[in-house]
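If you want the building blocks of each chain, they are given just below.
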Amino acid sequence: MTVRLGDTAPDFTANTTQGEIHFHDWLGDSWGVLFSHPKDFTPVCTTELGYIAKIKPEFDKRDVKVIGLSVDPVDSHQRWEEDIAETQGTAVNFPMIGDPDRSIADLYDMVHPNASDTMTVRSVFVIGPDKKVKLMITYPASTGRNFDEILRVIDSLQLTAKYKVATPANWKPGGDVIIAGSVSDEDAKKQYPGGWKAPKPYLRVVPQPK
Ligand code: BEZ
């Protein structure tokens, strides 16, 4: 199945290291990050899971639930988590889906046969409280993901959801933002009585709303 931005994230029931979940119920009204890792007991994945566990408070702060998946079974994840705690210094503190029949990986098109027909690629899906897919990124197995970048995109998405602004290239939280094209100048004046910088009429720049 192909999943695209704006689609409803496919729902599923899964066994995880924290028990059975029904994905949409588990998400509730929160944002979510669903990510796949190619295989248990592999080095890059080990560092990724340890890093996510370390920065989980950052996801919590943004009301984002994190869940991982690989095509290995849950009992394998549980054994591997002991290694992750030992080598990365943080115990895995989010659920990991066991997907040995690849049913969920197939639902999200996480196996790319020309890369590998036995492992998933490193997929990331950010899902909004409306259950729509807001971000998709695909990395190769050999490159560990930049989870700080994923947090940055979540900050941008949450800002857009709240204030009808977009964020420019290399934006970081606190930096200037762009008034969305869907907002008329008349409405923008009400929202930004101090005005905005507009080097072009379509490029209206304001400080990040608080
Ligand atoms: C890793 O996590 O280190 C890895 C997994 C699959 C293929 C290559 C690297």
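Look up: the structure comes first, before these words.
Student: How do you make sense of helix H5 (residues 147–163) when you look at a structure like this?
Tutor: Helical geometry note: an α-helix holds 3.6 residues per turn, so side chains three or four residues apart project in the same direction. For H5, with 17 residues, the first-to-last C-alpha span of 24 Å sits near the 24 Å given by 1.5 Å per residue. Listed as buried for H5 are Phe 147, Ile 150, Leu 151, Val 153, Ile 154, Asp 155, Ser 156, Leu 157, Gln 158, Leu 159 and Tyr 163. Residue Asn 146 occupies the N-cap position of H5, its side-chain oxygen lying 3.0 Å from the main-chain nitrogen of Asp 148. Downstream of H5 by one or two residues, Lys 164 has phi in the positive range, about 55 degrees.

Student: What's the story with the environment of Glu 86 in this structure? I'm lost.
Tutor: Relative to the helices and strands, Glu 86 is located in helix H3 (residues 74–88). C-alpha separation for the pair Glu 86 and Leu 157, spaced 71 residues apart in sequence, amounts to 34 Å.

Student: Would you mind showing me how to read the pairing of strand E7 (residues 133–139) here?
Tutor: Side-chain positions along a regular strand alternate between the two faces of the sheet. Across 6 bridges, strand E6 (residues 122–127) lies against E7 in antiparallel orientation. Its bridge partner being in E7, Arg 122 is matched across the sheet by Tyr 139. Linking E6 to E7, which pair antiparallel, is a turn of 5 residues; within it Lys 131 sits at a positive phi near 70 degrees.

Student: Would you explain the site of the ligand in this entry?
Tutor: Near the ligand, the surroundings consist of Pro 38, Thr 42, Pro 43, Val 44, Cys 45, Met 119, Arg 122 and Ala 141. In the model, an oxygen atom of the ligand is placed 2.7 Å from a nitrogen or oxygen of the Val 44 main chain. Residue Cys 45 places a main-chain N or O atom 2.9 Å away from an oxygen atom belonging to the ligand. Protein chains shield 80% of the accessible area of the ligand, which is 260 Å² for the free molecule. Of the residues forming the shell around the ligand, the biggest block, 3 residues, is contributed by helix H2 (residues 43–61). Within the shell around the ligand, the residues separate by chemical class into 6 nonpolar, 1 polar and 1 charged.

Basis of the calculations
Residues numbered from 1 in each chain as written. Predicted model: local features only at pLDDT ≥ 70, side-chain atom pairs only at ≥ 80, totals over all residues. Heavy atoms only, no water. Helix = DSSP H or I, 4+ residues; strand = E, 2+ residues; numbered from the N terminus. Expected span 1.5 Å × (residues − 1). Buried < 20%, exposed > 50% of the residue type's maximum accessible area, 1.4 Å probe, protein only. Polar contact = N/O pair within 3.5 Å; in protein donor to acceptor, adjacent residues only side chain to side chain. Pairing = 2+ DSSP bridges. Near = heavy atom within 4 Å. Areas by Shrake-Rupley, 256 points an atom, 1.4 Å probe, with all protein chains shown as cover. Nonpolar A, V, L, I, M, F, W, Y, C, P; charged D, E, K, R; others polar.

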